[in-house]
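Here is what each chain is made of, one letter per residue.
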Amino acid sequence: MPNRHATSGLITPSRRQFLGSAAALGTAFAADMSTLDVLQNPTFASELKKQQKHVILLWLAGGASQLETWDPKPGQPTGGPFRPISTSVPGVEVSELLPKLAERMKHTAIIRSLNTKVGDHGGGAKLMETGRRPEPGTDFPDLGAICARELGRRDSQVPDYVSMYTSTEGRRKGTSGFLGSRYAPMFLSDQMTPKNIARLESISVSDHQARSDLRSLLAKGFAEHRQNDLVASHNTAYQRVKGLMASETLFDISGEPDSIRAMYGPTQFGEQCLVARRLVEAGVPFVKVARAWWDSHGQNFETHRELCADLDQSMSGLLDDLEQRGLLENTLVITLGEFGRTPRINPSLGRDHFASAWSCSLSGCGVRGGSVYGKTDPKGNTVVDGEAKAGDLFATIFEAVGISTHHEYYLGSRPVPIVDFGCEAISEVLA
């Protein structure tokens, strides 16, 4: 497999200069675990804001209804009880269940014409996680693993890919596929803080630091006379584990001001969105925050009244917080699930699985805010303009964050394009 730093063409001279500076700073931080949290270093944090791209995926597990979110159908028998509302962008309307996001439409592009054809949870999730249908014998990486590889720093001491999913319904861990375990997610399913990364209480801070200093001294002496990749790899792995231990504080929001926590709301989803902001600010390239229970086969409208309120509050707070910190221009926020919901309302007042004409949103980095791509018919049954496949969406995401859609990986001698064959970015929603 070729070295991406040699083949992707993604890294400009200025980026290399930045990475060199980052490496030097990373070495300095390694001497003191308490200073790894780059939130404490204004100079390094400022450079991160300028240079590194991030993705936060808000995964709406079970499949949100496009009619109750981004593609309302007023006046139709299947339109449901909620009315559309105007947004801050003239001519663009969304469901009244998203009033705060409507006010922030200048940051958001809507794609209303996804036709992904796979309407079962497992198959739909696999397709929308990897951007392509499965192939026998090939384990494709998911979006998070690709972004971790292409946007992460080789010397990074924070995780490259963090996935939070605390509900039991539809829980999926994610996969790095053929990219290998280096890009697998740090998966948090039953608590906000990663397990087994805290310093043992039986070891004092000073003793821990002394041990680290001694190890560094011995390692340096050993490496001086042995210039080979194995020694370098061992030291890199050690520093990475050390960094993961020091990053524990990034998952603790107790120190955040009440005003910031209020922006995100009091729910678990809101708190996880706040953790996501802290992680990208510290240099994590990809964070997935999953919110379950969108699978509304019964009582769709009551379900969406509750879930959309949570999404509206938490995502609005996230966009505002990222913007105020200068991070939104380098952070892409996505809302996506495995599919949408049927326009038809079933006898249980629910909407069933529907992958023929549904919606997603992209906000922030690389996106033309206020744009709307694609169109469905008046009842929402079919795409009538701008049909988009899963691979087209992935290409659009990659373009938005500066990943070349022409990049290829290699499985042995077989080239595997980063974007599925025949797919291309939707330029209409890109800045």
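Residues numbered from 1 in each chain as written. Predicted model: local features only at pLDDT ≥ 70, side-chain atom pairs only at ≥ 80, totals over all residues. Heavy atoms only, no water.

**Things to note about the nonpolar core**
Spelled out, the test is: We define the nonpolar core as a collection of buried residues of types Ala, Val, Leu, Ile, Met, Phe, Trp, Tyr and Cys that are connected through side-chain atoms lying within 4.5 Å of one another. Each residue is placed in one exposure class: buried if its accessible area under a 1.4 Å probe, protein chains only, is under 20% of its type's maximum, exposed if it is over 50%, and partly exposed if it falls in between. Only runs of H or I of at least four residues qualify as helices and only runs of E of at least two qualify as strands under DSSP, and these elements are numbered from the N terminus. A contact between two residues is defined here by any heavy atoms of the two lying within 4.5 Å.
By size, the foremost hydrophobic cluster in this structure holds 55 residues, and its most contacted members are Ile111, Leu332, Ile334, Leu336, Leu362 and Leu393. Element by element, the count of residues in this core is highest for helix α12 (residues 390–400), at seven residues. Ignoring any residue separated from it by four or fewer positions in sequence, one finds Ile111 in contact with Trp358, Ser359, Cys360, Leu362, Tyr373, Leu393, Ile426 and Val429. Counting residues in hydrophobic clusters, the runner-up holds 50 residues, among them Val94, Leu188, Leu311 and Leu327.

**Quick look at the packing of aromatic side chains**
Keep this limit in mind: Only the six-membered ring of Trp is used, alongside the rings of Phe and Tyr, when aromatic pairs are assigned; centres must lie within 6.5 Å, and planes under 30 degrees apart are stacked while those over 60 apart are edge-to-face, with the rest tilted.
This model, assessed by the stated rule, comprises five aromatic pairs. Here the aromatic rings of Phe178 and Tyr409 are separated by 5.9 Å at their centres, their planes lie at 70°, and the arrangement is edge-to-face. Linking Phe178 in the loop between β5 (161–164) and β6 (186–188) with Tyr409 in strand β15 (residues 408–411), this pair joins segments that are 231 residues apart in sequence. Judged by its relative accessible area of 16%, Phe178 is buried. Here the aromatic rings of Phe394 and Phe398 are separated by 6.1 Å at their centres, their planes lie at 90°, and the arrangement is edge-to-face.

**A closer look at the sheet that holds β6**
Threshold: The pairing criterion for strands is at least two bridges between them, as found by DSSP. To define axes, lines are fitted to C-alpha atoms, for helices over the stretch in contact only, and angles between the resulting N-to-C directions are given on a 0 to 180 degree scale.
Read across the open sheet, the eight strands follow the order β6-β5-β7-β1-β8-β11-β4-β12; overall the sheet is mixed. Each edge of the sheet is formed by a strand with only one pairing partner; in this case those strands are β6 and β12 (372–373). Bridge analysis of strand β8 (residues 331–336) against strand β11 (residues 358–364) gives four bridges, and the strand direction is antiparallel. Within β11, the position partnered with Leu332 by the bridge is Gly364. Strands in contact with helix α10 (residues 268–281) are β1 (54–60), β5, β7 (286–291) and β8; relative to β7, the strand with the most contacts, it is inclined by about 180°. Against the sheet, helix α11 (residues 300–324) touches β1, β4 (108–114), β7, β8 and β11, its axis set at about 170° to β8.

**Observations regarding the pairing of β4**
Of all seven residues in β4, seven are buried; the element is thus mostly enclosed. Across five bridges, the pairing between β4 and β11 is antiparallel. Within β11, the position partnered with Thr108 by the bridge is Ser363. The sheet contact formed by β4 and β12 spans two bridges and is parallel. Within β12, the position partnered with Ile110 by the bridge is Val372.

**Considering a nonpolar patch on the surface**
As a reminder of what qualifies: Each patch is built from salt-bridge-free residues with over 30% relative accessible area, joining like charges within 9 Å and nonpolar side chains (Val, Leu, Ile, Met, Phe, Trp, Tyr) within 5 Å. For the area figures, the Shrake-Rupley method with a 1.4 Å probe applies, and any residue is considered shielded solely by the protein chains shown. By convention in these notes, a salt bridge is any Lys or Arg side-chain nitrogen within 4 Å of a carboxyl oxygen on Asp or Glu.
A grouping of Leu214, Leu217 and Leu218 is seen on the molecular surface, where their side chains present a nonpolar patch of about 330 Å² in accessible area. Checked against the element boundaries, Leu217 lands in helix α7 (residues 205–224).

**Describing unusual backbone geometry**
Backbone geometry at Lys117 places phi at a positive 70°, although glycine is not the residue there. Mapping Lys117 onto the fold places it in the loop between β4 and α5 (121–130). Although it is not a glycine, Leu349 adopts a positive phi angle of roughly 60°. With relative accessibility at 44%, the residue Leu349 sits in the partly exposed group.

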